[in-house]
Amino acid sequence: MLVYRHSAREYLLSFVVAFIFFFFIFFINQILLLAQKILIKQVDYRSVLTLVLLSVPQFLLYTFPFASLTASSMVIGDFGANNELLALRSSGISLFRVFTPIIAISLLFSALTFFTADVLIPFSAREYRSLYAELMRDLPTLEIRANATNTIGSRTITNRAVDGSRIYDLVMLEQEGTRSGQVITAPSAEITVADLSAFIYRLDVEEPTILKSEQGSGWTLSTADRATVMLNFSGQVASLASAMPSQLSIAELKEMIAQHKEILQGDQERHQRKIKDVKEQIQALGEGGSPERRQALEENLADLIAYPPVNFYYRYYRAELSKKYALSAACTLLVLLTFSLSFFRLKHGRLIGFGLSMLASVLYWYILFFSQMQIFESSLPVELWIWLANIIMTLFGLIGMIRTRRL
C-alpha cells in the first residue's frame, strides 16, 4: 500500500501540472477565437467569461489524454532518476505495483473524458449557442464607420461620411446571383433594423442610380426617387440553430448514423439497379449491335462499378462517434508508452519524461488529424482510421516494454 499511495500521489500531482499546462494552451487559443468574434465588439466581461466557461469542455476532450500521458511519463522518469524503481526491484517488488495505481487512475480519467464527450460537450454547446445568439442580437452586426467597406453576403458596400444610422456617398456592388455585376450608387442612405431575430436590416436608399449588365445587350442605367434593399446578415453569424457533429451526444450521433445509413442503403439499391440495367442493355445488343453503343455502355458500367455511392454524413457521424470512444480510451492506452522508461536511469528524469510526452502528444495529434482527412478518401472503415492513433501508440508502448525488459 505504501508503493500504491506513493505512485498514485506522484501521478496525481504530475497530472495537475500537466493538465494546467495543456489547459492553458487550449484556453489561450479559445480566448483568441472569442476576441476575433465578439471581444472587439465590446461585450461585457460577464458574458465573455460565461462563453469561455461554456467552451471549456470542447478542449477537455484533448486535455485529459495528453495530461495523463505527460503525468505518467514525468512520474516514471522521476522514479528512474532517483533510483526508486531500482530499489523496488532489488527488494523483490514488481514494477507492476508502481504501474497499477497509474493504470487505475488513468481509467478514471478515461471515464471523465467519456462523460465530457457524451454529456458536458452537448450541454455546454447548446448553452453556448443560446448565449451567443442573444449577444449577436444585441451587438452591432454592421459597424457603420466613415470611409468603410462592408461585405454582406454577395454585396459589397462602401461609403464615406456617417451621421448616426445615415451614410453618404453609397456604392453597392452585387457579386453573385441574377444581379451579379449590378452597381447602385446614391448620395445618401439610412440603415434600420427590419427583423432582429433573423439578422435582417433595411437599407433605404435616396435618389439611387442603378447600373446593370444585360447579357448580350450591353448595360442599362436607371434612376429612382427611393429604393429599399434588404441586407441579410445571417450568413455573417456562426450557425446557431444546429450543432456540429462533435457537439452531439452519443445517442444523438447514433440516431443520425441510423438515418444516413438508411439513405445510403437507398442510394446503393438504386445504384445496383443502374448496374443491372446497363448489363441488360449490353446483353440486349448482342453480337451485331453498334460497337460505339457497346463501348459507351461498357464505359458507363465501368464508371458505375468504380464509383459506388458514398454518404458523406454517414462517414462523418461515424467518425465523430468513434472519436469520443477513442479519445476516452487514449487516457489509459497512452500511458503504456511511458512504462518502458522504468528500465532506464535517466538524469533529470522528470524533465526528460515531460519532453518525450510532448513529442508523443504531437505525434498522436498528427496521426489523428491525418486519419480524419482520410475517412472521406479511403474505403477502409471509418472506425479503423479514428482508432489508428491509439493502435499505433499502444503498439509502440508494448514493443518498447518487451524490448527494454530484455535489456
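### Focus on the overall build of the protein
Then comes step 1: Counting its secondary structure elements, the protein contains 9 helices and 9 strands.
Then comes step 2: With 407 residues in all, the protein has 42% of them scored as buried.
Then comes step 3: For the protein, the proportion of contacts with a sequence separation of at least 24, taken over those separated by at least 6, is 67%.
Then comes step 4: Taken as a whole, the protein presents about 22700 Å² of accessible surface, with 60% of it coming from carbon and sulfur.

### Some words on helix α2 (residues 45-81)
Then comes step 1: For α2, with 37 residues, the first-to-last C-alpha span of 46 Å runs short of the 54 Å given by 1.5 Å per residue.
Then comes step 2: Along α2, the largest kink reaches about 45 degrees and is centred on F59.
Then comes step 3: Extensive coverage of α2 is indicated by the burial of 31 of its 37 residues.
Then comes step 4: Where α2 ends, the next residue or the one after it, N83, has phi of about 65 degrees, a positive value.

### Considering the pattern of salt bridges
Where charged atoms from two side chains of opposite charge approach closely, those side chains can pair.
Then comes step 1: This structure, assessed with the given rule, holds 7 salt bridges.
Then comes step 2: The salt bridge partner of E190 is R166, with a shortest N-O separation of 3.1 Å. Of this pair, E190 sits in strand β5 (residues 183-195) while R166 sits in strand β4 (residues 166-174), and the two are 24 residues apart along the sequence.
Then comes step 3: Between E206 and R226 there is a salt bridge, with its nearest N and O atoms 3.6 Å apart. Within this pair, whereas E206 is found in strand β6 (residues 200-206), its partner R226 is found in strand β9 (residues 226-232), the two being separated by 20 residues in sequence.
Then comes step 4: Within the structure, one salt-bridge network assembled from shared partners comprises R166, E190, E206 and R226.

### Quick notes on the packing of aromatic side chains
Then comes step 1: Going through the model one piece at a time under the given rule, you end up with 24 aromatic pairs.
Then comes step 2: Ring geometry for F66 against Y364: centres 6.0 Å apart, planes inclined by 85 degrees, an arrangement best described as edge-to-face. With F66 in helix α2 and Y364 in helix α8 (residues 349-374), this pair connects stretches of sequence that are 298 residues apart.
Then comes step 3: The buried category is assigned to F66, whose relative accessible area is 4%.
Then comes step 4: Using a relative accessible area of 1% as the deciding quantity, one classes Y364 as buried.

### Brief notes about the environment of C331
Then comes step 1: Its location among the elements puts C331 in helix α7 (residues 312-333).
Then comes step 2: For the pair C331 and F66, spaced 265 residues apart in sequence, the C-alpha to C-alpha distance is 7.3 Å.
Then comes step 3: Not counting residues up to four positions away in its chain, the partners in contact with C331 are F64, P65, S68, S106, F109, S110 and T113.

### Notes on unusual backbone geometry
Most peptide bonds take the trans configuration, and most residues that are not glycine carry a negative phi.
Then comes step 1: Look at D169: it is not a glycine, yet its phi comes out positive at around 55 degrees.
Then comes step 2: Looking at the secondary structure, you find D169 in strand β4.
Then comes step 3: The backbone phi angle of E207 is positive, close to 50 degrees, even though this residue is not glycine.
Then comes step 4: Within the element layout of this structure, E207 appears in the loop between β6 and β7 (209-214).
Then comes step 5: The exposure class assigned to E207 is exposed, which follows from its relative accessible area of 55%.

### So, the nonpolar core
Then comes step 1: Ranked by size, the top nonpolar core spans 49 residues in total, and within it Y11, F339 and Y364 carry the most contacts.
Then comes step 2: Looking at this core, the elements with two or more residues in it are α1 (2-37), α2, α3 (84-90), α4 (96-138), α7, α8 and α9 (382-405).
Then comes step 3: Looking at which element gives the most residues to this core, the answer is α2, with 13 residues.
Then comes step 4: Residues contacting Y11, with those up to four places away along its chain left out, are S68, A71, S72, V75, I102, I105, S106, F109 and V335.
Then comes step 5: Counting residues in hydrophobic clusters, the runner-up holds 14 residues, among them I152, L170, I184 and L203.

### Side note on the packing of helix α5 (residues 250-285) against α7
Then comes step 1: Running from amino to carboxyl end, α5 crosses α7 at an angle of 150 degrees, the nearest separation of the two axes being 8 Å. Between α5 and α7, the angle is such that the two are roughly antiparallel. Both α5 and α7 take part in a crossing whose hand is left-handed. Side by side, α5 and α7 meet where I250, L253, K254, M256, I257, H260, K261 and L264 of the first sit next to Y313, Y314, Y317, R318, E320, L321, K324 and Y325 of the second.
Then comes step 2: The residue makeup of the contact of α5 with α7, split by class, is 10 nonpolar, 1 polar and 5 charged.

### So, the packing of α2 against α8
Then comes step 1: At a minimum axis separation of 7 Å, α2 and α8 run at an interaxial angle of 150 degrees. Considered as vectors, α2 and α8 are oriented roughly antiparallel to each other. The interaxial crossing formed by α2 with α8 has right-handed handedness. Taken together, the residues of α8 that come into contact with α2 (itself represented by Y62, F66, L69, T70, S73, M74, G77, D78 and A81) are G349, R350, G353, F354, S357, M358, A360, S361, Y364, W365 and L368.
Then comes step 2: Tallied by class, the residues present in the contact of α2 with α8 amount to 11 nonpolar, 7 polar and 2 charged.

Each value, and the rule that gives it
- Residues numbered from 1 in each chain as written.
- Predicted model: local features only at pLDDT ≥ 70, side-chain atom pairs only at ≥ 80, totals over all residues.
- Heavy atoms only, no water.
- Helix = DSSP H or I, 4+ residues; strand = E, 2+ residues; numbered from the N terminus.
- Buried < 20%, exposed > 50% of the residue type's maximum accessible area, 1.4 Å probe, protein only.
- Contact = heavy atoms within 4.5 Å.
- Areas by Shrake-Rupley, 256 points an atom, 1.4 Å probe, with all protein chains shown as cover.
- Expected span 1.5 Å × (residues − 1).
- Bend = angle between axes of the 7 residues up to and from the residue.
- Salt bridge = Lys/Arg side-chain N within 4 Å of Asp/Glu carboxyl O.
- Phe/Tyr/Trp six-rings, centres within 6.5 Å; stacked < 30°, edge-to-face > 60°.
- Core = buried A, V, L, I, M, F, W, Y, C linked by side-chain atoms within 4.5 Å.
- Axes fitted to C-alpha atoms, helices over the stretch in contact; angles between N-to-C directions.
- Parallel < 35°, antiparallel > 145°, perpendicular 65-115°, else oblique.
- Left-handed = near helix turned anticlockwise from the far one by under 90°.
- Nonpolar A, V, L, I, M, F, W, Y, C, P; charged D, E, K, R; others polar.

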